[in-house]
Amino acid sequence: MNKDRINKKPEIGQAVFLRPNEFGNAFRRSKDIKTSVLSKVGRKYVTVEGFGLFEISTGRQKTELTPDYTLYFDEAELALQLEQEDLVDRIKNAIPTYGKWNLEVEKLRKIAEIMGC
């Protein structure tokens, strides 16, 4: 998350979205997106009801251990992040890690052009 992506200043009572981090305990219990509201808004951190403190600029949960959730202020931003990760996974799975590619030269040139290599 980037501070530039936040369209407006967070406000108390605003609905937010929480995505479990893959390495946190919450991910093992449930991979579902949670919704909550902001109960406190500071200069650097916001308090999410039932989930604790989160850094405004990064969406990272403030904890001494592994953070369980990442905070998103906008459902569209969360959907974009999920789509990006899905596309990356699909592209990685489509390209074999070894062996020979059975592609025509034109297709290989187009791939190289898109990838900028």
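First things first, this report covers the structure right here in the doc. Residue numbers restart at each chain and count upward from 1, following the sequence in its written direction. This being a predicted model, a pLDDT of at least 70 is required before a residue's local features are given, and a value of 80 or more before pairs of side-chain atoms are given or counted; all residues contribute to the totals for chains, interfaces and linings. Each side-chain value is derived from all of the structure's non-hydrogen atoms; neither hydrogens nor water enter the calculation.

Observations concerning a nonpolar patch on the surface
Defined as follows: Grouping into patches uses exposed residues only, defined as over 30% relative accessible area, and leaves out salt-bridged ones; the cut-off is 9 Å for like charges and 5 Å for nonpolar side chains (Val, Leu, Ile, Met, Phe, Trp, Tyr). Accessibility throughout is a Shrake-Rupley quantity obtained with a 1.4 Å probe, and a residue counts as covered only by protein chains that appear here. A side-chain nitrogen of Lys or Arg and a carboxyl oxygen of Asp or Glu constitute a salt bridge if their distance falls within 4 Å. Note on conventions: DSSP H or I runs of at least 4 residues are helices, E runs of at least 2 residues are strands, and numbering of each starts at the N terminus.
On the surface, L87, I91, I95, W101, L103 and L108 cluster together to form a nonpolar patch covering roughly 480 Å² of accessible area. Looking at the secondary structure, you find L108 in helix 3 (residues 105-115).

Some remarks on helix 2 (residues 75-94)
Selection criterion: An expected span of 1.5 Å times one less than the residue number is assigned to each helix. Summary of the burial criterion: residues with accessible area below 20% of their type's maximum are buried, those above 50% are exposed, and those between are partly exposed, where the area comes from a 1.4 Å probe applied to protein chains only. Along the arc lie the directions from the helix axis toward the C-beta atoms. Note on contacts: a residue pair is in contact if any heavy atoms of the two residues lie within 4.5 Å.
In this model helix 2 runs 29 Å from its N-terminal to its C-terminal C-alpha over 20 residues, within 8% of the 28 Å that 1.5 Å per residue would give. Of all the residues in helix 2, the buried ones are E77, L78 and Q81. End-on, the buried residues of helix 2 take up no more than an arc of 105°, which puts them together on one face. Pointing more than 90 degrees away from the buried face of helix 2 are the exposed residues E75, L80, R90, I91, N93 and A94. Against strand 1 (15-20) and strand 5 (69-72) lie the buried residues of helix 2.

Things to note about the packing of aromatic side chains
To keep things clear, this is the line we draw: Geometry of aromatic contacts follows a simple scheme: Phe, Tyr and Trp rings, the Trp one being its six-membered ring, pair when their centres are within 6.5 Å, and the pair is stacked under 30 degrees between planes, edge-to-face over 60, tilted otherwise. Whether a charge lies above a ring is judged from NZ of Lys or CZ of Arg, which has to be within 6 Å of the ring centre and within 35 degrees of the ring normal.
Within the structure shown, the criterion is met by one aromatic pair. Judged by centre distance (5.0 Å) and plane angle (80°), the ring pair of F51 and Y69 falls under edge-to-face. Note that F51 is positioned in the loop between strand 3 (45-48) and strand 4 (52-55) and Y69 in strand 5, a separation of 18 residues in sequence. Directly above the ring of Y45 sits K62, whose terminal nitrogen or CZ lies 5.3 Å from the centroid.

Some details on the nonpolar core
How we decide: As used in this record, nonpolar core signifies buried Ala, Val, Leu, Ile, Met, Phe, Trp, Tyr and Cys residues forming a set joined through side-chain atoms within 4.5 Å.
Listed in full, the 11 residues of the largest apolar core are V16, L18, A26, L38, V46, V48, F54, I56, Y69, L71 and F73. Secondary structure elements with two or more residues in this core: strand 1, strand 3 and strand 5. Excluding residues within four positions of it along the chain, V16 makes contact with K34, T35, S36, V37, L38, V48, L71, Y72 and F73.

Focus on the pairing of strand 3
Here is the key point about a regular strand: its side chains alternate between the two faces of the sheet. This is how the line gets drawn: When DSSP finds two or more bridges between a pair of strands, those strands are recorded as paired.
Only one face of strand 3 is buried: it carries V46 and V48, and the other face, with Y45 and T47, is open. Inspection of the sheet shows strand 2 (residues 34-41) paired to strand 3 by three bridges, in the antiparallel sense. Along strand 3, the bridge assignment pairs V41 with V46. Connecting the antiparallel pair strand 2 and strand 3 is a turn made up of three residues. Here strand 3 runs beside strand 4; their pairing, made up of four bridges, is antiparallel. Within strand 4, the position partnered with Y45 by the bridge is E55. Counted between consecutive antiparallel strands, the loop separating strand 3 from strand 4 contains three residues, among which G50 sits at a positive phi close to 85°.

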